[in-house]
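Analysis of the macromolecular model
Below, each chain spelled out in residue letters.
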Amino acid sequence: MTKRPFIIDCDTGTDDAIAIVAALYCPEIRVKAITSVNGNVPHKYTSWNNLNLVEYLGKDIPVAKGAVKPIIGPFVEEGNASGVHGSTGLGDLELPVAKREFAKRIASELIYEMAVEEKGELELLVIGPMTNIAIALLQHEDLPGLIKHIWFMGGAARGGNVTPTAEFNIWVDPEAAHVVLRSGIPMTMVGLDVTEKAAMIEEDAAELHNVDTPAGRVVTHLLEFMFHRRKTGSEAALMHDALALASAVFPQCLKCEDCFVDVECRGTYSYGHTFVDRRKQTGKAPNVSVALEIDTPMFRKWLVEMVKNSAKEV
Ligand code: RIB
Ligand code: CA
């Protein structure tokens, strides 16, 4: 089986880290690079979280730095979502500081270089604010024809988690999301409609306690941090980002609908809102496949299996 080439663009955070582990041990894909963006926590943490994680897992994959703030959005210097992910972004997990170097190329350039290399087969898993992708698109007009598919965690057909109408990844950089959504690249949106139902439970962590690998230890530790977080009234162990990966390699756990989607880049109360035209009222052609239903037990089982693969060294 030919493994599908992916780049993961992320604001590593706790759920990003679990998605990265799942991707690295998913037999269907080969992760060509991991690129960081400011998001859950400032870029100085998201970038080092990626480098430290890849080194701890013993994977020889380029890790590139990316945008340290959004194109225009409400940049927040310290701890955008540190209340959810902890001050460094990985909860109370302390990984050894990596000895390896970051990639020489910055994220937007590495994305373009690898898109050219893969001759149109490259897919992007975008699980943080879309700043790097937008910059790459604004720098290279031929990029849309070189990206096979974008699978992104962001937005919502209903609701929000930063404001009542906006989801975090889109809210941090709505202008970037607008650039990406109008690019014409085929894409799948995995928003809060489904990720707020993608919660791991204690039984899942119990099953992973026996996976004595770096991947098993990282995921178990992060899940325990999330369970504790939940007990203190914060977010549950929601696998926002791993579900975006599942949409690419395990789509049977989701039901999607093609819709026209765009982002509100103005508005006092609606800034960062993803407008999802489910009623086909705009007359505009659908540009996104939007995930609207999830089989949560099926998804949880799949994610546990991905982590267990680390013991088989896929
Ligand atoms: O709204 C959830 C998203 O914001 C996830 O990607 C999480 O990691 C944060 O980036
Ligand atoms: Ca994320």
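Quick summary incoming for the structure in this document.

What counts as what
- Residues numbered from 1 in each chain as written.
- Chains lettered and ligands numbered in written order.
- Predicted model: local features only at pLDDT ≥ 70, side-chain atom pairs only at ≥ 80, totals over all residues.
- Heavy atoms only, no water.
- Pairing = 2+ DSSP bridges.
- Helix = DSSP H or I, 4+ residues; strand = E, 2+ residues; numbered from the N terminus.
- Contact = heavy atoms within 4.5 Å.
- Axes fitted to C-alpha atoms, helices over the stretch in contact; angles between N-to-C directions.
- Patch = residues over 30% accessible without salt bridge, like charges linked within 9 Å, V, L, I, M, F, W, Y side chains within 5 Å.
- Areas by Shrake-Rupley, 256 points an atom, 1.4 Å probe, with all protein chains shown as cover.
- Salt bridge = Lys/Arg side-chain N within 4 Å of Asp/Glu carboxyl O.
- Buried < 20%, exposed > 50% of the residue type's maximum accessible area, 1.4 Å probe, protein only.
- Core = buried A, V, L, I, M, F, W, Y, C linked by side-chain atoms within 4.5 Å.
- Parallel < 35°, antiparallel > 145°, perpendicular 65-115°, else oblique.
- Nonpolar A, V, L, I, M, F, W, Y, C, P; charged D, E, K, R; others polar.
- Phe/Tyr/Trp six-rings, centres within 6.5 Å; stacked < 30°, edge-to-face > 60°.

1. Description of the sheet that holds strand β4 (residues 122-126)
Taken in spatial order, the 9 strands line up as β3-β2-β1-β4-β5-β6-β9-β7-β8 in an open sheet, and their pairing is mixed. A strand with exactly one partner marks an edge of an open sheet, and here the two such strands are β3 (63-64) and β8 (274-277). Of the pairings in the sheet, the one linking strand β6 (residues 187-190) to strand β9 (residues 288-294) comprises 2 bridges and is parallel in character. Paired with Thr188 across the strands is Ser289, a residue of β9. In the packing of helix α11 (residues 240-249) onto the sheet, contacts are made with β1 (4-10), β2 (29-36), β4, β5 (147-153), β6, β7 (254-263) and β9, and the angle to β5 comes to roughly 145°.

2. Some remarks on a nonpolar patch on the surface
Taken together, the side chains of Ile71, Ile72 and Leu138 define a hydrophobic patch exposed on the protein surface, amounting to about 300 Å² of accessible area. Along the polypeptide, Ile71 turns up in the loop between β3 and α3 (82-85). On the basis of relative accessible area, Ile71 is assigned to the partly exposed category, the value being 39%.

3. Points about the nonpolar core
Inside soluble globular proteins, nonpolar side chains tend to come together where they are buried. Ranked by size, the top nonpolar core spans 68 residues in total, and within it Ile8, Leu223, Met239, Leu243, Phe299, Trp302 and Leu303 carry the most contacts. Contact partners of Leu303, with chain neighbours within four places excluded, come to Ile18, Ala22, Met200, Met239 and Ala242. Counting 37 residues, the second largest nonpolar core, distinct from the first, contains Leu122, Leu137, Ile147 and Val179.

4. Let's talk about the packing of α11 against helix α12 (residues 296-308)
Remark: α11 packs on α12, axes separated minimally by 11 Å, with the N-to-C direction vectors making an angle of 95°. Here α11 lies roughly perpendicular to α12, going by the angle between them. Residues Ala242, Leu243, Leu245, Ala246 and Val249 of α11 touch α12, and the partners they reach there are Phe299, Trp302 and Leu303. In terms of residue class, the contact of α11 with α12 is made up of 8 nonpolar, no polar and no charged.

5. Topic: the environment of Phe75
Assignment of secondary structure puts Phe75 in the loop between β3 and α3. On the basis of relative accessible area, Phe75 is assigned to the partly exposed category, the value being 34%. For Phe75, the residues in contact, after removing those within four places along its chain, are Asn38, Val68, Lys69 and Pro70.

6. A few points about the packing of aromatic side chains
Across all of its chains, the model carries 3 aromatic pairs by this definition. Pairing Trp48 with Phe102 gives two aromatic rings, centres 5.1 Å apart and planes at 85°, and the pair type is edge-to-face. In this pair, Trp48 is assigned in helix α2 (residues 43-56) and Phe102 in the loop between α3 and α4 (107-117), connecting sequence segments 54 residues apart. Looking at Phe102, the relative accessible area reads 14%, which means it is buried. Arranged with centres 5.9 Å apart and planes meeting at 5°, the rings of Phe250 and Trp302 form a pair that is stacked.

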